[in-house]
Amino acid sequence: MKLLYFAWVRSKIGTAAETVSPPETVRDVAGLLDWLRARGAGYAEALANPAVVRVAVNQRFAKPGDPVTPGDEIGIFPPVTGG
């Protein structure tokens, strides 16, 4: 699973991208975010408030219950505003 981090999420986590292998118990977006928060202080800080984090699975906006699989590309970023 490839994870891409953007904007202040990237800054707090300390990397723009990484490839991970979550445990089989991680089956949806919410589970992935829970697992990531447990990986360290930067993750916990960046993902502490789910209301200010958006997730895309394979370049499509995703909800907490949407499934994730090992081959997915997951983007994690703050809400996007237009101008």
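An unreviewed UniProt entry annotates the protein as Molybdopterin synthase sulfur carrier subunit of Inquilinus limosus. Under the Sequence similarities (unreviewed entry) heading, UniProt states for the protein: "Belongs to the MoaD family."

Asker: What should I look at first to understand the nonpolar core in this one?
Answerer: As a rule of thumb, soluble globular proteins bury nonpolar side chains together. Judged by nonpolar contacts, the single largest core of 21 residues is most densely connected at Leu3, Tyr5, Leu36, Ile74 and Ile76. Listed by contribution, the elements that provide at least two residues to this core are strand E1 (2-5), helix H1 (7-13), helix H2 (29-37), helix H3 (41-46), strand E3 (54-57) and strand E5 (73-77). Per element, the largest residue contribution to this core is four residues, and it comes from H2. Setting aside anything within four residues of it in sequence, one finds Leu36 in contact with Leu3, Tyr5, Tyr43, Leu47 and Ile76.

Asker: Even after reading the chapter, I still don't get the packing of aromatic side chains, so can you show me in this structure?
Answerer: Each aromatic ring pair is specified by the distance between its two centres and by the angle formed by the two planes. For the structure on display, the rule yields three aromatic pairs. Their ring planes at 65° and their centres at 5.9 Å tell us that Phe61 and Phe77 sit as a pair that is edge-to-face. Here Phe61 is found in strand E4 (residues 60-62), whereas its partner Phe77 is found in strand E5, with 16 residues between them in sequence. By relative accessible area, Phe77 is classed as buried at 12%. Aromatic rings pair up to connect Phe6, Phe61 and Phe77 into one cluster.

Asker: I would appreciate a short explanation of the environment of Gly75 in the present structure.
Answerer: When you line up the elements, Gly75 lands in strand E5. The class of Gly75 is buried, set by a relative accessible area of 9%. Remark: the alpha-carbon pair of Gly75 and Leu4, spanning 71 residues in sequence, is separated by 4.7 Å.

Conventions and cut-offs
- Residues numbered from 1 in each chain as written.
- Predicted model: local features only at pLDDT ≥ 70, side-chain atom pairs only at ≥ 80, totals over all residues.
- Heavy atoms only, no water.
- UniProt positions renumbered as here; feature names shortened; annotations may be inferred.
- Core = buried A, V, L, I, M, F, W, Y, C linked by side-chain atoms within 4.5 Å.
- Buried < 20%, exposed > 50% of the residue type's maximum accessible area, 1.4 Å probe, protein only.
- Helix = DSSP H or I, 4+ residues; strand = E, 2+ residues; numbered from the N terminus.
- Contact = heavy atoms within 4.5 Å.
- Phe/Tyr/Trp six-rings, centres within 6.5 Å; stacked < 30°, edge-to-face > 60°.

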